[in-house]
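Here are the chains, one letter per residue:
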Amino acid sequence: QAIYMNLEDTLLMMPGPVPVAPRVLRAMSKPMINHRSNAFSDIYDDCRQILADVFNTKNDIFVLSGSGTAAMEAAVGCITNPEDRIIALENGKFGERFKNIAKRYGKVEPLAYEWGDSIDLGQLEEKLEEGAKAVTLVHNETSTGILNPAKEVGKLAKEYGALFIMDGVTSLGGDLVKVDEWNVDIALVGSQKCLATPPGLSAVSVSKKAFEAMDEMERMPYYLDLKAYKKSSEKTLRETPYTPAIPLFYALQEALHIIKEEGMEARIKRHCTEAAAVRAAVEAMGIEMLPNLKEHSHYSNTVSAMKAPEGVTGNDIKKDMQARGVVIAGGQDRLSGKIFRIGNMGNVQPKDILLTVAELEIVLKKRGIVSSVGAGIEAASDVLDTL
Ligand code: PLP
């Protein structure tokens, strides 16, 4: 097994962090620059322009030196006064996190489902009828592999005059997101997922309506004050309010150029096809998906969550795979042991999917779950051939 101890030989197939291209790693080793200079401003502007295409928005976009959770907290913290009602949709760990953040700032109205279940738009409408300042939704619930109906939630939120805050941490940059068309007032992404950048940055888009809500705030967060980000980003300054993580901005710029070169349409198609290949493979191995899909919900196109087959835990599978050099994820919190997850975020190639599926099939054969190796690989390969 020692050969796999070399980190460079390990294939990261977890739902973030993801493998980072050598050219992105190289970009990080450039000398530091003054963050109050045209050199930095040009990098920041370039990042914001490409991000606007990824988000499909004309709204302002800012890059925060802080992970996805910082962006979640900025979104909620900048629009929530203590008496405001926030409807927090929860069907997994990150929906729960939004709820917990909202609890710190306002009055939470949770709308919770079993982790892995679909959300119910009828129930959301009933809650909205009672009035709410905002609705929070995790578009792609990484903990369960479900893609929630962001477009429909955005439509309802708009109808009832509530702001729509959407976590696109594991959809933006890999799957289709239309911030403006879906009425998303604040959308956010983390660097270490589909953008294939190292961890540490997040990006947030903010609508005019969300800025207006910020004008009504009794008290704003300090480091995460999005109005401060807006002020600093304007034409004369084009910078961030506080010292940015400069090497990560170098990395983000390079990673966004990779995205631009591939084109979002091709990138989304690749993500969708690769996730479909994983699903086809596990189905051929007799393994069940976790999500319980209802109308308007879909399987995630960036991470697949599978139920652990009878007789093994998700962690057994994860450990066996790790020993063979492929890093996948288990379940989080209440799903620990019950599921295992395979990510296909960022610049994952079809050959990476095939290798992962092959290793999974071998691991399952050694565990006595499948009787032979091949059905999964063939099923995945057939789907990947459609790319
Ligand atoms: N939201 C979603 C959907 C995520 O998958 C994650 C991380 O896995 C987060 C939020 C939190 O992001 P971070 O760990 O970068 O703070």
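These remarks concern the structure in this document. Within any chain, residue numbers begin from 1 and follow the written order of that chain's sequence. It should be noted that, the model being predicted, local features are given only for residues of pLDDT at least 70 and side-chain atom pairs only at 80 or more, the latter also being counted only at that level, while totals for whole chains, interfaces and linings use all residues. Water and hydrogen atoms were dropped before computing side-chain values, which therefore reflect all heavy atoms in the structure.

## Brief notes about the nonpolar core
Membership of the largest hydrophobic core comes to 80 residues, with the highest contact counts inside it found for Phe55, Ile79, Leu124, Val135, Val153, Met214 and Leu226. Remark: nonpolar core denotes a set of buried residues (Ala, Val, Leu, Ile, Met, Phe, Trp, Tyr, Cys) joined through side-chain atoms within 4.5 Å. Relative accessibility decides the category of a residue: with a 1.4 Å probe and only protein chains considered, values under 20% of the type maximum give buried, values over 50% give exposed, and everything between is partly exposed. Residues Ala281, Val312, Leu364 and Val383 belong to the second largest nonpolar core, which totals 29 residues.

## A short note on unusual backbone geometry
For the bond running from Gly16 to Pro17, omega is -5°, close enough to zero to count as cis. By definition, any uninterrupted DSSP run of H or I lasting at least four residues is a helix, any uninterrupted run of E lasting at least two residues is a strand, and each is numbered from the N terminus. Mapping Pro17 onto the fold places it in the loop between β1 (11-12) and α1 (22-27). At Asn183, a residue that is not glycine, the phi angle is positive and equals roughly 60°. Given a relative accessible area of 23%, Asn183 falls into the partly exposed group.

## What to know about the packing of helix α11 (residues 314-323) against helix α12 (residues 350-366)
Contact pair α11 / α12: the axes reach a minimum separation of 10 Å and the direction vectors enclose 115°. For the crossing formed where α11 meets α12, the hand is right-handed. Where α11 approaches α12, its residues Ile317, Asp320 and Met321 are matched on the opposing element by Thr356, Glu359, Leu360, Val363 and Leu364. Residue classes follow a fixed rule: Ala, Val, Leu, Ile, Met, Phe, Trp, Tyr, Cys and Pro count as nonpolar, while Asp, Glu, Lys and Arg count as charged, and any other residue, Gly among them, counts as polar. Taken together, the residues of the contact of α11 with α12 sort by class into five nonpolar, one polar and two charged. Each axis is a line fitted through C-alpha atoms, and for a helix only the stretch in contact is used; angles between axes span 0 to 180 degrees, taken between their N-to-C directions. Crossings are classed by handedness, with left-handed meaning an anticlockwise turn of the near helix from the far one by less than a right angle and right-handed meaning a clockwise turn. The criterion used for residue contact is that any of the two residues' heavy atoms lie within 4.5 Å.

## Things to note about the environment of Gly346
Counting through the fold element by element, Gly346 comes out in the loop between β15 (339-343) and α12. In this structure, the C-alpha to C-alpha distance between Gly346 and Thr170, residues 176 residues apart in sequence, is 9.7 Å. Among all residues touching Gly346, those that are not within four sequence positions of it are Lys193, Cys194, Ala196, Arg267, Arg270 and His271.

## Let's talk about the sheet that holds strand β6 (residues 140-141)
Any two strands between which DSSP finds at least two bridges are classified as paired. Here three strands make up an open sheet; going across it, the order is β6-β7-β11 and the pairing antiparallel. Each edge of the open sheet is held by one strand with a lone partner, namely β6 and β11 (298-299). Two strands pair when backbone bridges link them, and strand β7 (residues 146-147) and β11 are joined in this way by two bridges, in the antiparallel orientation. Paired with Leu147 across the bridge in β11 is His298.

## So, the state of the cysteines
Put simply, a disulfide is two cysteine sulfurs that come within 2.5 Å. Enumeration according to the criterion identifies zero disulfides in this entry. With no disulfide of its own, Cys194 has Cys272 as its nearest cysteine by sulfur position, at a separation of 10 Å. Take Cys194: its relative accessible area is 0%, and that puts it in the buried class. Given the relative accessible area of 25%, Cys272 is considered partly exposed.

## Focus on the pattern of salt bridges
Side-chain pairing between opposite charges can occur once the charged atoms of the two side chains come close. Counted as salt bridges are all cases of a side-chain nitrogen of Lys or Arg within 4 Å of a carboxyl oxygen of Asp or Glu. Under the criterion given, the structure shown has 28 salt bridges. Across the pair Arg23 and Glu261 runs a salt bridge whose closest N-O atoms are separated by 2.9 Å. Placement of the pair is Arg23 in helix α1 and Glu261 in helix α9 (residues 246-262), with a sequence separation of 238 residues. For Glu359, the salt bridge identified is with Arg324, shortest N-O distance 2.5 Å. One end of the pair, Glu359, is in helix α12; the other, Arg324, is in the loop between α11 and β13 (326-327), and 35 residues separate them in sequence.

## Quick word on the site of the ligand
Residue proximity to a molecule or strand is established when one non-hydrogen atom of the residue lies within 4 Å of it. Neighbouring the ligand are 14 residues, the closest being Ser67, Thr69, Thr142, Asp167 and Lys193. The term polar contact refers here to a pair of N or O atoms within 3.5 Å; inside protein, the definition further demands a hydrogen-donor-capable atom paired with an acceptor-capable atom, and it admits residues adjacent in sequence only when both atoms are side-chain atoms. Thr69 has a polar side-chain atom sitting 2.5 Å from an oxygen atom of the ligand. Contact between the ligand and Gln192: an oxygen atom at 2.8 Å from a side-chain N or O atom of the residue. Note on areas: these come from Shrake-Rupley sampling with a 1.4 Å probe, and a residue is covered only by the protein chains present in the view. Within the complex, 88% of the 390 Å² of free accessible area of the ligand lies under protein. Breaking the shell around the ligand down by element, the ones donating at least two residues are α3 (68-77) and α4 (93-105).

## Observations regarding helix α2 (residues 38-55)
Here the expected length of a helix is defined as 1.5 Å per residue gap, with one fewer gap than residues. Here α2 spans 25 Å end to end across 18 residues, near enough to the 26 Å set by a 1.5 Å rise per residue. Counting buried positions over the 18 residues of α2 gives 13, a clear majority of the element. Downstream of α2 by a residue or two, Asn56 has a phi angle that is positive, lying close to 55°.

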